[in-house]
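# An overview of the molecular structure
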Amino acid sequence: MLEVWTNYIWPVIIIVAQSVLLLVLLLIVTAYILYADRKIWAAVQIRRGPNVVGPWGLLQSFADLLKFVVKEPVIPSGANKGVFLLAPLVTGGLALSAWAVIPVTADWEVADINVGILYIFAISSLMVYGVVMAGWSSNSKYPFLAALRSAAQMVSYEVSIGFVLITVLLCAGSLNLSAIVEAQASPTWGMFAWYWLRLLPMFVVFFISGLAETNRPPFDLVEAESELVAGYAVEYSATPFLLFFLGEYIAILTICAMTTILFLGGWLPPFQVIPFTWIPGVIWFVLKCFFVFFMFALVKAVVPRYRYDQLMRLGWKVFLPLSLAMVAVVGGVMQFWDYAGLAAK
């Protein structure tokens with residue numbers, strides 16, 4: 001009995017406790033990320049932003065949550081009710097499940113699997129199903145058109161993201177996210193050994209593709225108010241809309257975390273010297289994620305919205321050839337280094 005408890009029951013309890021803790025922290029961080037997004041946008045436009053609910057408006061997101069929860073959900077009479085209600089659950093559930101394999105520090109992640117990067121890529125590919133289900137089940141032309149746009153947009157930029165991941169895997173030699181972070185560690189070069197410098201074009205492609213993948217401005221053509229009212233969510237209200245909103249912002253946090261892991265050294269300090277090494281790795285990870293999100297928020301506030309044809313042209317005619325060329329270049333350089341190392345020996 002002791003062996004069953006030690007080998008089976010206790011590990012399951014640990015995993016469940018870690019998952020609940022991570023989800024609670026993720027939801028709280030999402031509330032304040034939303035607050036930060038509104039504050040940054042307001043600062044760019046020389047406005048105050050949320051400043052009424054709580055000190056400095058810090059409780060605004062929780063007030064919005066309460067408002068959504070107590071409202072009555074309205075389901076259109078012509079909608080497919082089962083799919084209509086399942087779509088936001090799919091979107092929110094998939095967005096949260098992506099965090100199961102993201103390493104916050106060297107020894108804290110819910111599931112340390114060897115193909116973590118493929119798991120993240122698979123989850124991001126499935127995210128389009130929630131949007132397509134919402135658009136089709138609403139039985140309205142505007143949500144359906146927005147769903148078709150979203151499917152095309154997400155597929156287009158996932159191709160570029162896939163090639164970016166290949167270049168990182170060539171450099172790191174592993175599909176494990178923790179191993180990718182550890183491959184960037186360098187006592188001598190510090191932050192200049194991270195992949196943002198040696199793979200700078202891919203860093204830019206990944207950042208911009210992340211904007212398109214999560215429907216962030218200037219690529220929010222799925223929710224273009226002037227053309228599609230409110231996109232695939234136009235028929236949603238109350239808690240179902242809240243789940244879509246939550247899924248979108250958690251997907252943004254996932255892209256920020258992946259940018260941090262793949263290009264910014266994850267939990268590694270900028271330089272392996274005192275006082276940088278005194279700060280815990282989780283603090284560095286959170287600071288880097290917030291920096292990436294700050295850049296996301298600035299892009300939203302500064303860059304005007306693209307036309308849909310410009311969006312697709314950027315994905316297929318610019319990013320796809322560039323990322324393909326970089327895969328060939330990185331592979332060639334890595335092969336040359338191998339030959340040079342063998343010749344030196």
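Residues numbered from 1 in each chain as written. Predicted model: local features only at pLDDT ≥ 70, side-chain atom pairs only at ≥ 80, totals over all residues. Heavy atoms only, no water.

### Things to note about the overall build of the protein
Looking only at helices and strands, one finds 12 helices and 0 strands in the protein. Seen in sequence order, the protein has helices and strands lined up from the N terminus as α-α-α-α-α-α-α-α-α-α-α-α. In terms of overall dimensions, the protein is globule-like: its C-alpha atoms have a radius of gyration of 21 Å, near the 20 Å expected for 345 residues. For the C-alpha atoms alone, the extent of the protein along its principal axes is close to 75 × 60 × 45 Å. Every one of the 345 residues in the protein was classed for burial, and the buried ones make up 46%. Within the protein, contacts between residues separated by at least 24 positions form 78% of all contacts whose residues are at least 6 apart in sequence. (Helix = DSSP H or I, 4+ residues; strand = E, 2+ residues; numbered from the N terminus. Rg over C-alpha atoms; globule rule 2.2 N^0.38 Å. Buried < 20%, exposed > 50% of the residue type's maximum accessible area, 1.4 Å probe, protein only. Contact = heavy atoms within 4.5 Å.)

### Considerations on the pattern of salt bridges
Once the charged atoms of two side chains with opposite charge are near each other, the side chains can pair. Applying the stated criterion to the full structure yields 4 salt bridges. Put simply, Asp37, Arg216 and Lys300 are held in one network by salt bridges that share partners. (Salt bridge = Lys/Arg side-chain N within 4 Å of Asp/Glu carboxyl O.)

### Focus on the side chain of Glu213
Here Glu213 is to be found in helix H8 (residues 200–213). This buried residue, Glu213, is left without a salt bridge; Arg216 holds the nearest opposite charge, at 13 Å. In contact with Glu213, not counting residues within four places along its chain, are Ser124, Met154, Tyr157, Glu158 and Ile161. (Lys, Arg positive; Asp, Glu negative; His and termini not counted.)

### Quick look at the nonpolar core
Ranked by size, the top nonpolar core spans 68 residues in total, and within it Leu199, Leu262 and Phe263 carry the most contacts. Apart from the residues within four sequence positions on either side, Leu199 is in contact with Thr167, Val168, Cys171, Phe263, Met326 and Val330. One finds Phe84, Ala87, Met133 and Ala134 within the second-largest nonpolar core, a separate group that totals 13 residues. (Core = buried A, V, L, I, M, F, W, Y, C linked by side-chain atoms within 4.5 Å.)

### Details of the packing of helix H3 (residues 81–97) against helix H10 (residues 238–263)
The geometry of a pair of packed helices is captured by two quantities: the angle between their axes and the separation between those axes. Packing of H3 against H10 leaves a shortest axis separation of 8 Å and a crossing angle of 25°. Here H3 is positioned roughly parallel relative to H10, judged by the angle of their axes. In this structure, the crossing between H3 and H10 has a hand that is left-handed. Together, Leu85, Ala87, Pro88, Leu89, Thr91, Gly92, Ala95 and Leu96 of H3 and Pro240, Leu243, Phe244, Gly247, Ile250, Ala251 and Thr254 of H10 make up the contact between the two elements. Each residue belonging to the contact of H3 with H10 can be placed in one class, and the counts come to 11 nonpolar, 4 polar and no charged. (Axes fitted to C-alpha atoms, helices over the stretch in contact; angles between N-to-C directions. Parallel < 35°, antiparallel > 145°, perpendicular 65-115°, else oblique. Left-handed = near helix turned anticlockwise from the far one by under 90°. Nonpolar A, V, L, I, M, F, W, Y, C, P; charged D, E, K, R; others polar.)

### Comments concerning H10
With 26 residues, H10 should cover 38 Å at 1.5 Å per step; its first-to-last C-alpha distance of 38 Å lies within 8% of that length. Of all 26 residues making up H10, 21 are buried, and the element is well covered by its neighbours. Note on H10: the residue one or two positions beyond its end, Gly265, has a positive phi of about 75°. (Expected span 1.5 Å × (residues − 1).)

### Section: the packing of aromatic side chains
Counting across every chain of the model gives 14 aromatic pairs. An angle of 55° between the planes, with centres 6.2 Å apart, marks the rings of Phe192 and Phe271 as tilted. Taken as a pair, Phe192 in the loop between helix H6 (177–183) and helix H7 (195–198) and Phe271 in the loop between H10 and helix H11 (281–302) lie far apart in primary sequence, 79 residues in all. Judged by relative accessible area, which is 42%, Phe192 ranks as partly exposed. Three or more aromatic residues link up through ring pairs in this structure, and these residues are Phe68, Phe241, Phe245 and Tyr249. Lying over the aromatic face of Phe68, Lys67 brings its terminal NZ or CZ to 5.0 Å of the ring centre. Of note, Arg149 hangs over the ring of Tyr308, and the distance from its end group to the ring centre comes to 5.1 Å. (Phe/Tyr/Trp six-rings, centres within 6.5 Å; stacked < 30°, edge-to-face > 60°. Lys NZ or Arg CZ within 6 Å of the ring centre and 35° of its normal.)

### Some remarks on the confidence of the model for the protein
For the protein, the average pLDDT comes to 84, and 95% of its residues sit at 70 or higher. Mean pLDDT values over the elements of the protein span from 60, in helix H9 (residues 225–228), up to 90, in H8. A low-confidence stretch, residues 340–345 (pLDDT under 50), is modelled with 0 contacts involving residues beyond four sequence positions or located in other chains. (pLDDT = per-residue confidence, 0-100.)

### Observations regarding the environment of Arg313
Among the structural elements, Arg313 can be located in helix H12 (residues 308–344). Look at Arg313 and you get partly exposed, because its relative accessible area is 42%. Sequence separation between Arg313 and Val333 is 20 residues; the distance between their C-alpha atoms is 29 Å.

### Observations concerning the packing of helix H4 (residues 116–137) against H10
Running from N to C, H4 and H10 cross one another at 160°; their axes reach a closest spacing of 12 Å. Put simply, H4 runs roughly antiparallel to H10. At the point where H4 passes H10, the crossing takes the left-handed sense. Note on element contacts: H10 touches H4 through Phe244, Gly247, Ala251, Met258 and Leu262, opposite Ile117, Ile120, Met127, Gly130 and Ala134. Residues belonging to the contact of H4 with H10 are distributed by class as follows: 8 nonpolar, 2 polar and no charged.

### Description of unusual backbone geometry
The omega angle of the peptide bond from Ile274 to Pro275 is 10°, so this bond is cis rather than trans. Mapped onto the secondary structure, Pro275 falls in the loop between H10 and H11. In this structure, Asn139 takes a positive phi of about 60° despite not being glycine. Relative to the helices and strands, Asn139 resides in the loop between H4 and helix H5 (141–172).

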